[in-house]
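Now for the letters of each chain:
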Amino acid sequence: MRIEEIIKPTSPMAIEKRTLLNVMYTQNVVSEKFNEILKPFDLSPEQFNVLRILRGQKGNPVNMCTIQERMIAKTSNTTRLVDKLLLKDLVIREICPENRRKMEITITEKGMELLQSLDALVESHEKSFAKNLTDKELELLNELLEKFRN
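> Looking at this model, I keep getting lost on the packing of aromatic side chains. Mind explaining?
How two aromatic rings sit relative to each other is given by the distance of their centres and the angle of their planes. For the coordinates displayed, the defined rule picks out 1 aromatic pair. On the numbers, 5.3 Å between centres and 70° between planes, the contact of Phe34 with Phe48 is edge-to-face. Taken as a pair, Phe34 in helix α2 (residues 15–38) and Phe48 in helix α3 (residues 45–55) lie far apart in primary sequence, 14 residues in all. The exposure class of Phe48 is buried, given its relative accessible area of 4%.

Shown next, in the form of structure tokens:
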């Protein structure tokens with residue numbers, strides 16, 4: 001469905017506005033569906049992102065700055081996210097032995113198990129949005145979105 005059919009503008013839109021609204025609307029649709037996947041697991045997309053960052057460390061601890069740098073939503077309050085994950089026993093927070101001002105975060109076995117149970121659901125979610133595009137079209141879309149963003 002075209003964006004005009006969804007938002008029903010009263011006057012023609014400039015192509016720049018139409019493009020931006022299309023990107024924003026699409027992001028909302030993707031986010032809503034992703035939130036539906038995470039809701040039964042009592043996890044926010046930002047908490048999920050932190051867990052995926054930690055899993056990528058392959059058991060090595062990471063500091064809060066590194067997590068913040070790798071977050072998709074750069075405005076996320078990383079300390080608050082980690083605090084919530086701590087309460088759920090999904091991460092461990094320890095003082096860095098070399099620098100007592102730094103905190104190191106590690107994913108727990110429970111956190112790894114949660115991600116493993118989500119992996120198939122997340123992969124299915126990602127494929128459901130890509131199913132109408134060829135690999136070549138997906139590559140082009142990625143290139144265009146990166147060009148648009150930068």
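> Can you help me understand the packing of α3 against helix α5 (residues 78–87) in this one?
Two quantities define a packed helix pair, namely the angle between the axes and the distance from one axis to the other. The geometry of α3 relative to α5 is characterised by a closest axis approach of 10 Å and an angle of 80° between their N-to-C directions. Considering their axes alone, α3 and α5 lie roughly perpendicular with respect to each other. Across from Glu46, Gln47, Val50 and Leu51 in α3, the residues of α5 making contact are Leu81, Val82, Lys84 and Leu85. Residues that form the contact of α3 with α5 fall into these classes: 5 nonpolar, 1 polar and 2 charged.

> What's the story with the nonpolar core in this structure? I'm lost.
Within soluble globular proteins, side chains that are nonpolar generally end up buried alongside one another. One finds Leu43, Phe48, Val50, Leu51, Leu54, Ile67 and Leu118 to be the most contacted residues of the largest nonpolar core, which totals 24 residues. At the level of secondary structure, the elements contributing two or more residues to this core comprise α2, α3, α4 (64–70), α5, β3 (103–107) and α6 (109–130). Looking at this core element by element, the count peaks at 5 residues for α3. Other than its neighbours up to four places away in sequence, Leu118 contacts Ile37, Leu38, Phe41, Leu43 and Phe48.

> It is not clear to me how the pattern of salt bridges should be interpreted in this structure. Could you clarify?
A side chain of one charge can pair with a side chain of the opposite charge when the charged atoms of the two come close. Considering all chains together, one arrives at 6 salt bridges under this definition. Its salt-bridge partner being Asp83, residue Arg93 comes within 2.6 Å of it at the nearest N-O pair. Of the two residues, Arg93 sits in strand β2 (residues 91–95) while Asp83 sits in helix α5, which places them 10 residues apart along the sequence. For Asp83, a relative accessible area of 30% gives the class partly exposed.

> Hey, could you run me through unusual backbone geometry in this one?
For residues that are not glycine, phi is negative in most cases, and the peptide bond is trans in most cases. One non-glycine residue, Asp42, lies in the positive phi region at around 55°. Looking at the secondary structure, you find Asp42 in the loop between α2 and α3. For Asp42, a relative accessible area of 53% puts it in the exposed group.

The rules we used
Residues numbered from 1 in each chain as written. Predicted model: local features only at pLDDT ≥ 70, side-chain atom pairs only at ≥ 80, totals over all residues. Heavy atoms only, no water. Phe/Tyr/Trp six-rings, centres within 6.5 Å; stacked < 30°, edge-to-face > 60°. Helix = DSSP H or I, 4+ residues; strand = E, 2+ residues; numbered from the N terminus. Buried < 20%, exposed > 50% of the residue type's maximum accessible area, 1.4 Å probe, protein only. Axes fitted to C-alpha atoms, helices over the stretch in contact; angles between N-to-C directions. Parallel < 35°, antiparallel > 145°, perpendicular 65-115°, else oblique. Contact = heavy atoms within 4.5 Å. Nonpolar A, V, L, I, M, F, W, Y, C, P; charged D, E, K, R; others polar. Core = buried A, V, L, I, M, F, W, Y, C linked by side-chain atoms within 4.5 Å. Salt bridge = Lys/Arg side-chain N within 4 Å of Asp/Glu carboxyl O.

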